[in-house]
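Each chain, written out:
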Amino acid sequence: MKAAIFQRPLARRRFLFLMSRLSAALALGALPALAHGAARRVNQLPEDPFYLGVASGDPRADAVVLWTRLDPAVLRRAGLDEDVLQVDYEVAADAGFSRIERAGSIAAAPELGHSAHADVRGLRPDREYFYRWRIGGVASPAGRTRTAAAGAAEVDRFRFAFASCQQYEHGYYTAYRHMAEENFDLIVHLGDYIYERTWGENLVRSHEGPEIHTLAEYRARYETYRSDTDLQAAHASAPWAVTWDDHEVDNNYAAQTAEDEQTQEQLLARRAAGYQAWYEFMPVRLPVGWQGPDMPIHRRLRFGKLLEMNVLDTRQYRDDQACGDGRRPSCAEHMDPSRSLLGQAQKRWLLDGLASADARWNVLAQQIMMAGLRAVGEGGEQLWPMDIWDGYPFERRELLQTLADAGTPNPVVITGDIHTHWAAELKPDFDDPASPVVGSEFVGSSVSSGGDGEDSNDYGTALLANNPHVKFFNAQRGYVANTITPAQWRTDYKVLPRVTVAGAPISIRKSYIVEDGDPRLRED
Ligand SMILES: [Fe+2]
């Protein structure tokens, strides 16, 4: 399978060698020092290679990942595109870079698309930092980032945004321009960062090319999306925590099953390509255990005693959608209690973590709506959306019951995927009015997918009426801003009047508050 990724055996051998060095360096905690001697130092580059800007992510109390990618066209013109290149970074305590606190070098290899990931260690907790890259006498733009508070530290206030679903052709990334201005402590992306294909009408720009399958095609797609300067500004403004949904590979794929007629082997080759491109373009640590189409990315981030975030992957390990996918009446397959969305290993990891969680707020950062969102069919029958948690009701109940039984402090689920804002209360049994509320869910709309959108529509109104635990619906584009203190969680749903014209203003459409110890939603 892996051989399909590489055109030449030599490139594959060098890639595997590099991966083994990366893994060894990771195990030794020495990733930033990787490949000294192996990487070529460039004295002079005639052109600026930092065409996609900079990013940072996955902050820890003493570390953060810095990212950039060197422009392959610039490297080609300089005759450097086949070489492993040394890229230098510096991290400063001030925006003017007068107080450099860390500096080092990493290797950018052609096998990883000359992406650069530096896991910079030795930083101080809960601090703002500024960073930039350098190669051949050219400096990148500077980025702002922030380390997490130490695990046992008190944190008075934490502000983060989350977003998802940015079909490039459907609209401009105005949401990111506004997000960049807020200097968040963290920005979370819940998936559908790219789209593998075109659909819809009224396209305002083109991501060029048909449905993508190969590594070269996924790379080109990420380059197009990342060329957007509003998106670059948001990446440069704060550290990100990123997960994926389906469109990073294929619409509604499930583990090894494609949406359409592709074979398992074809889907796995595509997954290997899509996952590798995702790693190359995202500010994330090298996923431990990555092998071709297998890339474990679920992980925890902790921000002092205030907040712990479980970043989940609900695509890679799931059982195939039941009853033929889409909105369907329940069927025998749907009611099979052994079906899993998380996969057994990730589920165990998550439930164990939630059972022993000790942060004040415990977040599940994930893709698909967890609260029941059933529709009523023309004959009055209940229709279950099979691609989201409604399609996996037994595992959902097990998860929500664990939160109740373990007394996990203040569980909050944050969600993307469905291009609409929602707020909901989570219960182990959504059909039982007496079932207790055990957590809160905030679903964010899309950045651009679906075009301009609207404040409300019949679809949302009908779903609100059929699902009393769901409290809010809005179908405009935007993002979700959250302000967390030990006493209170506040969510502001931010909306744009349009995305098909650039430069729209942003406003708060609705705000909800959750008090410490009471998961019910309060309107503010
Ligand atoms: Fe989407």
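Anyway, here's the lowdown on the structure attached to this text. (Residues numbered from 1 in each chain as written. Predicted model: local features only at pLDDT ≥ 70, side-chain atom pairs only at ≥ 80, totals over all residues. Heavy atoms only, no water.)

Regarding the overall build of the protein chain
Looking only at helices and strands, the protein chain features nine helices and 25 strands. By its C-alpha atoms, the protein chain is 70 × 50 × 45 Å across when sized along the principal axes. Counting only residues that meet the buried cut, the protein chain has 60% of its 524 residues in that class. Counting only contacts in the protein chain whose residues sit at least 6 apart along the sequence, the fraction spanning at least 24 positions is 70%. Only carbon and sulfur atoms are counted for the fraction: they give 49% of the accessible area of the protein chain, which is about 19,100 Å². Here the protein chain contributes 57 positive and 73 negative side-chain charges, whose respective centroids are spaced 6 Å apart. (Helix = DSSP H or I, 4+ residues; strand = E, 2+ residues; numbered from the N terminus. Buried < 20%, exposed > 50% of the residue type's maximum accessible area, 1.4 Å probe, protein only. Contact = heavy atoms within 4.5 Å. Areas by Shrake-Rupley, 256 points an atom, 1.4 Å probe, with all protein chains shown as cover. Lys, Arg positive; Asp, Glu negative; His and termini not counted. Charge placed at Lys NZ, Arg CZ, Asp CG, Glu CD.)

Brief notes about the coordination of the iron ion
Around the iron ion, the protein supplies Cys165 (SG), Asp192 (OD), Tyr195 (OH) and His419 (NE2) as donor atoms, at distances of 2.0 to 2.6 Å. Geometry at the iron ion is irregular, judged from the four donor atoms that bind it and their angles of 84 to 161° at the metal. (Donors = N, O, S within 2.8 Å, 3.2 Å for Na, K, Ca; no water. Tetrahedral: all angles 85-135°; square planar, octahedral: opposite > 155°, others 65-115°.)

Notes on the side chain of Thr147
Locating Thr147 in the fold gives a position in the loop between β8 (143–146) and β9 (158–163). Judged by its relative accessible area of 3%, Thr147 is buried. Here Asp126 takes part through its backbone nitrogen, which lies 2.9 Å from a polar atom of the side chain of Thr147. A polar atom in the side chain of Thr147 sits 2.9 Å from the backbone nitrogen of Arg127. (Polar contact = N/O pair within 3.5 Å; in protein donor to acceptor, adjacent residues only side chain to side chain.)

Some remarks on helix α7 (residues 344–355)
Along its twelve residues, α7 runs 16 Å from first to last C-alpha, staying within 8% of the 16 Å computed at 1.5 Å per residue. Those residues of α7 hidden inside the fold are in contact with β12 (299–303), β13 (307–311), β15 (361–365) and α8 (393–406). (Expected span 1.5 Å × (residues − 1).)

What about the state of the cysteines?
Under the defined criterion, the tally for this structure stands at one disulfide. Across the disulfide from Cys323 sits Cys331; the S-S distance is 2.1 Å. Measuring handedness by torsion sign, the sulfur bridge of Cys323 and Cys331 sits at about -90° and is left-handed. Overall, Cys323 belongs to the buried group, its relative accessible area being 17%. (Disulfide = S-S within 2.5 Å.)

Some points on unusual backbone geometry
Not every positive phi belongs to a glycine, and Asp325 is a case in point at roughly 70°. For Asp325, the location among the structural elements is in the loop between β13 and β14 (327–328). Of note in this structure, His419 is not a glycine but carries a positive phi near 60°. Inspection of the secondary structure puts His419 in the loop between β18 (411–415) and β19 (421–426).

Observations concerning the nonpolar core
Residues Tyr176 and Trp278 are the most contacted members of the largest nonpolar core, which totals 50 residues. With seven residues, the single largest contributor to this core is helix α6 (residues 264–281). Excluding residues within four positions of it along the chain, Tyr176 makes contact with Ala163, Gln166, His189, Asp230, Leu231, Ala234, Trp240 and Val447. (Core = buried A, V, L, I, M, F, W, Y, C linked by side-chain atoms within 4.5 Å.)

Observations regarding the packing of aromatic side chains
Going through the model one piece at a time under the given rule, you end up with 26 aromatic pairs. Members of the aromatic cluster, each reached through a chain of ring pairs, are Phe158, Phe160, Phe162, Phe303, Trp361, Phe442, Phe472, Trp489, Tyr493 and Tyr512. When the ring centre of Tyr168 is taken as reference, the NZ or CZ atom of Arg205 above it lies at 3.7 Å. One Lys or Arg, Arg226, reaches over the ring of Trp67 and ends 4.1 Å from the middle of that ring. (Phe/Tyr/Trp six-rings, centres within 6.5 Å; stacked < 30°, edge-to-face > 60°. Lys NZ or Arg CZ within 6 Å of the ring centre and 35° of its normal.)

What to know about the sheet that holds strand β17 (residues 382–385)
Spatial ordering of the open sheet is given by β14-β17-β16, a layout of three strands whose pairing is antiparallel. Since the sheet does not close on itself, it has two edges, and those belong to β14 and β16 (375–376), each with one partner. (Pairing = 2+ DSSP bridges.)

Worth remembering: the numbers are spatial, not functional.
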